[in-house]
Amino acid sequence: MSWRGKRKDEDVRASDDESESHAPAKKVAKPAESSDESDDIVVCNISKNRRVSVRNWNGKIWIDIREFYVKDGKTLPGKKGISLSVDQWNTLRNHAEGIDKALSDLS
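Student: Got a sec to walk through the overall build of the protein? Specific residues and values, please.
Tutor: Counting its regular elements, the protein contains three helices and four strands. Expressed as a percentage of the 107 residues in the protein, the buried residues total 13%. Looking at the protein alone, contacts between residues at least 24 apart form 16% of all its contacts between residues at least 6 apart. Total accessible area on the protein stands at roughly 9700 Å², and carbon and sulfur atoms take up 53% of it.

Student: Give me the pairing of strand E2 (residues 50-57): which residues, what numbers.
Tutor: Alignment of strand E1 (residues 41-45) against E2, held across four bridges, turns out to be antiparallel. Each bridged residue has a counterpart across the sheet, and for Cys44 the counterpart in E2 is Val52. As consecutive antiparallel partners, E1 and E2 are separated by four residues. The sheet contact formed by E2 and strand E3 (residues 60-71) spans eight bridges and is antiparallel. Residue Arg55 lies in a different strand from E3, and its bridge partner there is Trp62. Counted along the chain from E2 to the antiparallel partner E3, the turn is two residues long, and its residue Asn58 has a positive phi close to 55°.

Student: If you had to explain unusual backbone geometry to someone new, which residues and values would you point to?
Tutor: A positive phi angle, close to 55°, is found at Asn58, a residue other than glycine. In this fold, Asn58 is placed in the loop between E2 and E3. Judged by its relative accessible area of 64%, Asn58 falls in the exposed class. Unlike most non-glycine residues, Asp72 shows phi in positive territory, near 55°. Along the polypeptide, Asp72 turns up in the loop between E3 and strand E4 (74-85). The class of Asp72 is exposed, set by a relative accessible area of 74%.

Thresholds applied
- Along each chain, numbering runs from 1 in the same order as the chain's sequence is written.
- Only residues with pLDDT of at least 70 are given local features in this predicted model, and only at 80 or more are side-chain atom pairs given and counted; all residues enter the totals for whole chains, interfaces and linings.
- To obtain the side-chain values, all non-hydrogen atoms of the structure were included, while hydrogens and water were left out.
- In DSSP terms, a helix is any run of H or I states spanning at least four residues, a strand is any run of E spanning at least two, and both are numbered starting from the N terminus.
- Only protein chains enter the accessibility calculation, which uses a 1.4 Å probe; a residue whose area is less than 20% of its type maximum is buried, one above 50% is exposed, and one in between is partly exposed.
- Here a residue-residue contact requires only that any non-hydrogen atoms of the pair lie within 4.5 Å.
- Accessible surface area values rest on a Shrake-Rupley calculation with a 1.4 Å probe, where residue burial reflects the displayed protein chains alone.
- Note: two strands are recorded as paired if DSSP finds a minimum of 2 bridges between them.

Here it is in C-alpha cells:
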C-alpha cells in the first residue's frame, strides 16, 4: 500500500499519542515595545517618520537612524535604518567635512 493510503484506527491513535509527547514548542511572540517605553534618547526628528536616537542595547551604545511607523497607536521602529556603533559614528563624524565638500561639488 502507498504512503498515502488510509491508516487503521489503531495506527492513528498510536501516532496521535506520539505527536502529543513530541509536539514542537509553540513560539510566543514578544510584545512590541514602543520607542516611548525604551531607554532611547531621541536626538532629532529628521522627517515625519525618521529620527536619530541614541540607545543602549545589549550593553552597547548605538546611534540609530531609522524610519518609524505607527501601529495600534504605538510608534514602532521599522526595518529601514542603520545602527552605528560609537566607533562607526566617530568615523562618520570625522568625515563630515568631506561629505559637505562632496555635496557642494555635486550641487
